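This is what each chain is made of:
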Amino acid sequence: MDRELLLEQFCRQQRLPPNYLIGARRWFLPLAEVLQEESRGGARPLIVGIHGCQGSGKSTLTLLLQQILTTDYALRVATLSLDDFY
């Protein structure tokens, strides 16, 4: 799937404002590229932690990265939230 289309669909599905696309293009697509590069040829899984204040968009970012990494790079991605362990 075209990345731009993926981003637009993601924003619609998540009911995000149009300016989210600007940040996603500038920050999150390059981040996905770095994560993909870091995961290449590794014998161990790549573990990434995302932290921030409540309501800062951690879950949204995680969902977007998961979609990009699975769709564009055919990587297997597992996510979890520390909230799952409270």
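This text gives an overview of the structure that appears in the document. Note that this is a predicted model, so its numbers are computed, not measured.

Cut-offs used in this document
Residues numbered from 1 in each chain as written. Predicted model: local features only at pLDDT ≥ 70, side-chain atom pairs only at ≥ 80, totals over all residues. Heavy atoms only, no water. Helix = DSSP H or I, 4+ residues; strand = E, 2+ residues; numbered from the N terminus. Expected span 1.5 Å × (residues − 1). Buried < 20%, exposed > 50% of the residue type's maximum accessible area, 1.4 Å probe, protein only. Arc of directions from axis to C-beta. Contact = heavy atoms within 4.5 Å. Salt bridge = Lys/Arg side-chain N within 4 Å of Asp/Glu carboxyl O. Core = buried A, V, L, I, M, F, W, Y, C linked by side-chain atoms within 4.5 Å.

1. Here's the deal with helix α3 (residues 58–72)
For α3, with 15 residues, the first-to-last C-alpha span of 21 Å sits near the 21 Å given by 1.5 Å per residue. Inspection of α3 places Leu-61, Leu-64, Leu-65, Ile-68 and Leu-69 among the buried residues, and these make up the whole buried set. Each buried residue of α3 sits inside an arc of 125° when the element is viewed along its axis, so together they form one side. Buried-residue contacts for α3 involve α1 (3–14) and α2 (19–39). Following α3 by one or two positions, Ala-74 has its phi on the positive side, about 55°.

2. A look at the pattern of salt bridges
Counted by the stated rule, this structure contains four salt bridges. Between Glu-4 and Arg-25 there is a salt bridge, with the nearest N and O atoms lying 2.4 Å from each other. Taken together, the residues Glu-4 in helix α1 and Arg-25 in helix α2 connect sequence positions 21 residues apart. When its relative accessible area of 28% is taken as the criterion, Glu-4 is described as partly exposed. For Arg-25, a relative accessible area of 36% corresponds to the partly exposed category. If you follow the salt bridges from partner to partner, you end up with Arg-3, Glu-33 and Asp-72 in one network.

3. A closer look at the nonpolar core
Of all hydrophobic cores here, the largest spans 17 residues; its most connected members are Leu-7, Tyr-20, Ala-24, Phe-28, Leu-64 and Ile-68. Contributing elements (two or more residues each) for this core: α1, α2 and α3. At seven residues, α2 tops the list of elements feeding residues into this core. Excluding anything up to four places from it in sequence, Phe-28 contacts Tyr-20, Gly-23, Leu-61, Leu-64 and Leu-65.

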